[in-house]
Amino acid sequence: MTVMRRVVVYPGRIAVEAADVPAPGPDEALVRTLVAGVCGSDLHAAHGRHPFVPLPYRPGHEVVGVIEEAAGSRWAPGQRVIVEPDLPCWTCKMCTSGRENLCENLQFFGCGYAQGGMADYFTLAANRLHPERARKRRREDEHQGGEEEADAPVHPPGGHQRRRGPRKT
Ligand SMILES: [Zn+2]
Ligand SMILES: [Zn+2]
């Protein structure tokens, strides 16, 4: 088993630890992290003030990575992907009636889940990964121009709270 690095947030301390590279299950892909953003919710969680993320936790839910291994899925090694961090159970009443955003067992990758993207590698259900579309941005007034930016999913503050009502736009 190959060893990797992984960030773990403890009360008052953020550590980089050694861990085994996880092995992907049948419908999962093994992803190598390229970049992981620090979200406002990570700041709350690191201070022990996030209602649904008890410490210690393994952060990283705004992630761009590259597929390492994805046997039996639509992904091929080398493809760049972003993570959709909502992880519905797909079996509860809400999920089976097409309302997985109201899943009764909803989990969030990198927010109290067993894994997060602030690690060299992670495994995740293949259907929670999406193609990363890098695009060139040209805003001479703000940037030097021509920087690459990834379309990682970003959400408003509070987006990790379990939704009790329909998703608002
Ligand atoms: Zn976030
Ligand atoms: Zn569910």
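For the structure itself, look to the data block above.
Residues numbered from 1 in each chain as written. Chains lettered and ligands numbered in written order. Predicted model: local features only at pLDDT ≥ 70, side-chain atom pairs only at ≥ 80, totals over all residues.

A. The arrangement of the overall build of the protein in detail. Of the regular secondary structure elements, the protein holds two helices and 11 strands. Along the protein, helices and strands appear, N-terminal first, in the series β-β-β-α-β-β-β-α-β-β-β-β-β. Evaluated residue by residue, the protein yields a buried proportion of 27% over its 169 residues. The contacts of the protein with a sequence gap of at least 6 include a subset with a gap of at least 24, amounting to 65%. (Helix = DSSP H or I, 4+ residues; strand = E, 2+ residues; numbered from the N terminus. Buried ≥ 20, exposed ≤ 12 C-beta atoms within 10 Å, placed from the backbone. Contact = placed C-beta atoms within 7 Å.)

B. How the structure looks around the sheet that holds strand E4 (residues 63-69). Spatially, five strands are ordered E8-E3-E4-E5-E9 in an open sheet, and the strand pairing comes out antiparallel. Taken across any chain shown, the strands that pair with only one partner, and hence form the sheet edges, are strand E8 (121-125) and strand E9 (129-131). Strand-to-strand twist in this sheet, taken as the mean axis angle between neighbours without regard to direction, amounts to 50 degrees. Sheet topology places strand E3 (residues 28-36) next to E8; five bridges connect them, and they run antiparallel. What sits directly across from Ala29, in E8, is Leu124. (Pairing = 2+ DSSP bridges. Axes fitted to C-alpha atoms, helices over the stretch in contact; angles between N-to-C directions.)

C. Region of the structure containing the pairing of E4. Pairing between E3 and E4: six bridges, direction antiparallel. From the neighbouring strand, Val35 faces E4, where its bridge partner is Val64. Bridging between E4 and strand E5 (residues 80-83) involves three bridges; their strand directions are antiparallel. When the bridges of E5 are listed, Val64 appears paired with Ile82.

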